[in-house]
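# An overview of the molecular structure
One letter stands for each residue in the lines below.
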Amino acid sequence: MASTTELVISRHGEATCNVAGIVGGKQGCTGLTDLGRNQAEQLAARLAAEHAHRPYAAFYATPRLRVVQTAEIITRALRLPATIDPDLRGPDHGDADGRPWVDVKTSFQGPPQHSPDRQYAPGSETWNEYLDRATAALQKILARHDGDRILVAAHGETVEAAHTLLLELPRNACLRLGFVTDHASVARWQLPTNRFGRTIWQLVTHNDTRHLRPSHD
C-alpha cells in the first residue's frame, strides 16, 4: 500500500492582539494570552498522542510571536523542533500593522479578501499576493516531504491558503463559504493513493477543536 501524505495545520492559541482587535503583524503581535497558552497546551497534548501513534516527519511554524510561542509548547510535548519558514508568515500588513482592525476594515470597506487585488493599507500585501506566497511555501514543503506526515503551526489565513491550494478553490471561496478557523484548532488533509494509482487531496477535518476544554478562569 502506498504511503499517504498528510498535512496538519494547527492555528495558534488566542493572542493579545486577537483580544484587542489589533492587526497582529511583526509589530502588533505581542504573543499569547494566558488562555492562549492553555489552548496551546491542550493542542500539544493531542498532537503528542497522534505523534506517538504515527510520528510527524517534520514540523514547521511561522515567525509571528504568537505562532512561535505556540510552536514552542508543541515542541516540548512532541520533542520535535519546529523549522521557522518566513514564507509561511501571515499577510504583510504594511501601515495597518498595530492598528485596530475595525479602523482598517472600515477604511477598506471590508476584509482584505473582499478586494483581493488591492492593498488594504500602504505597504501591505494584497490578499492574492499573500495567497501566492503562502501556497508556494506549502507546495515546497509538500514536495520536500512526499508520503510523510507534516505538522504546521500557523494562522487562520494559512488554512485558507491550504484550502485554496489543495482543494483547488477559487481565491475568495473561503470567505464566501464562511470557513471559520478557531484558535488552537486543527485542519487536516490527506493525499491517499487508490488501487488504480490515482491521488486526490481530501479534507479530513476543518476547525477541529474537540481537544479544547472550557476554561474556568
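To be clear, the structure that these remarks concern was listed above.
Let me sum up the structure you'll find in this document. Here the structure is a predicted model, which is why all the values come from computation and not from measurement. (Residues numbered from 1 in each chain as written. Predicted model: local features only at pLDDT ≥ 70, side-chain atom pairs only at ≥ 80, totals over all residues. Heavy atoms only, no water.)

### Re the overall build of the protein chain
Of regular secondary structure, the protein chain possesses seven helices and six strands. In sequence order, the protein chain lays out its α and β elements as β-α-α-β-α-β-α-α-β-α-α-β-β. For 217 residues, the compact-globule estimate of 2.2 N^0.38 gives 17 Å, and the C-alpha radius of gyration of the protein chain, at 17 Å, lies within 12% of that figure. In terms of overall dimensions, the protein chain has a C-alpha envelope of 55 × 40 × 25 Å along the principal axes. Counting all 217 residues of the protein chain, 50% fall into the buried class. Residue pairs at least 24 apart in sequence account for 73% of intrachain contacts in the protein chain once pairs closer than 6 positions are excluded. Working note: accessible area of the protein chain is about 10,600 Å², and carbon and sulfur atoms make up 49% of it. Within the protein chain, one finds 24 positive and 24 negative side-chain charges whose respective centroids are separated by 4 Å. (Helix = DSSP H or I, 4+ residues; strand = E, 2+ residues; numbered from the N terminus. Rg over C-alpha atoms; globule rule 2.2 N^0.38 Å. Buried < 20%, exposed > 50% of the residue type's maximum accessible area, 1.4 Å probe, protein only. Contact = heavy atoms within 4.5 Å. Areas by Shrake-Rupley, 256 points an atom, 1.4 Å probe, with all protein chains shown as cover. Lys, Arg positive; Asp, Glu negative; His and termini not counted. Charge placed at Lys NZ, Arg CZ, Asp CG, Glu CD.)

### Some thoughts on the layout of surface pockets
Empty space left among the atoms is revealed by rolling a probe the size of a water molecule over them. Its volume calculated, the largest pocket comes out at about 690 Å³. As for the largest pocket, its lining consists of 31 residues, and the residues nearest its centre are R11, W101, K105, E157 and E160. Contributions of two or more residues to the lining of the largest pocket are made by α1 (16-20), α4 (101-108), α6 (156-166) and α7 (173-177). Examining the composition of the lining of the largest pocket, we find that three residues originate from one element, α6, more than from any other. Counted by class, the lining of the largest pocket contains 13 nonpolar, 12 polar and six charged residues. (1 Å grid on protein atoms, 1.4 Å probe; cavity = no way out; pocket = protein on both sides within 12 Å on 5 of 7 lines; lining within 4 Å. Points joined across faces, edges and corners; volume = space filled by probe spheres on them. Nonpolar A, V, L, I, M, F, W, Y, C, P; charged D, E, K, R; others polar.)

### Let's talk about the packing of helix α2 (residues 34-53) against helix α3 (residues 65-78)
Contact pair α2 / α3: the axes reach a minimum separation of 8 Å and the direction vectors enclose 40 degrees. Both α2 and α3 take part in a crossing whose hand is right-handed. On α3, the residues that touch R37, A40, E41, L43, A44, L47, A48 and H51 of α2 are Q69, T70, I73, I74, R76, A77 and L78. When grouped by side-chain class, the residues that make up the contact of α2 with α3 number nine nonpolar, three polar and three charged. (Axes fitted to C-alpha atoms, helices over the stretch in contact; angles between N-to-C directions. Left-handed = near helix turned anticlockwise from the far one by under 90°.)

### Here's the deal with the packing of aromatic side chains
Going through the model one piece at a time under the given rule, you end up with three aromatic pairs. Centre to centre, the rings of W127 and Y130 are 5.2 Å apart; their planes meet at 40 degrees, and the pair counts as tilted. Residue W127 and its partner Y130 are both found in helix α5 (residues 127-144); the two are separated by three residues, about one turn of the helix. For Y130, a relative accessible area of 0% gives the class buried. Connected via pairs of aromatic rings, a cluster forms that spans W101, F108 and Y120. Over the face of the ring belonging to Y56 we find R149, whose NZ or CZ atom lies 4.6 Å from the ring centre. (Phe/Tyr/Trp six-rings, centres within 6.5 Å; stacked < 30°, edge-to-face > 60°. Lys NZ or Arg CZ within 6 Å of the ring centre and 35° of its normal.)

In short, geometric facts, not functional conclusions.
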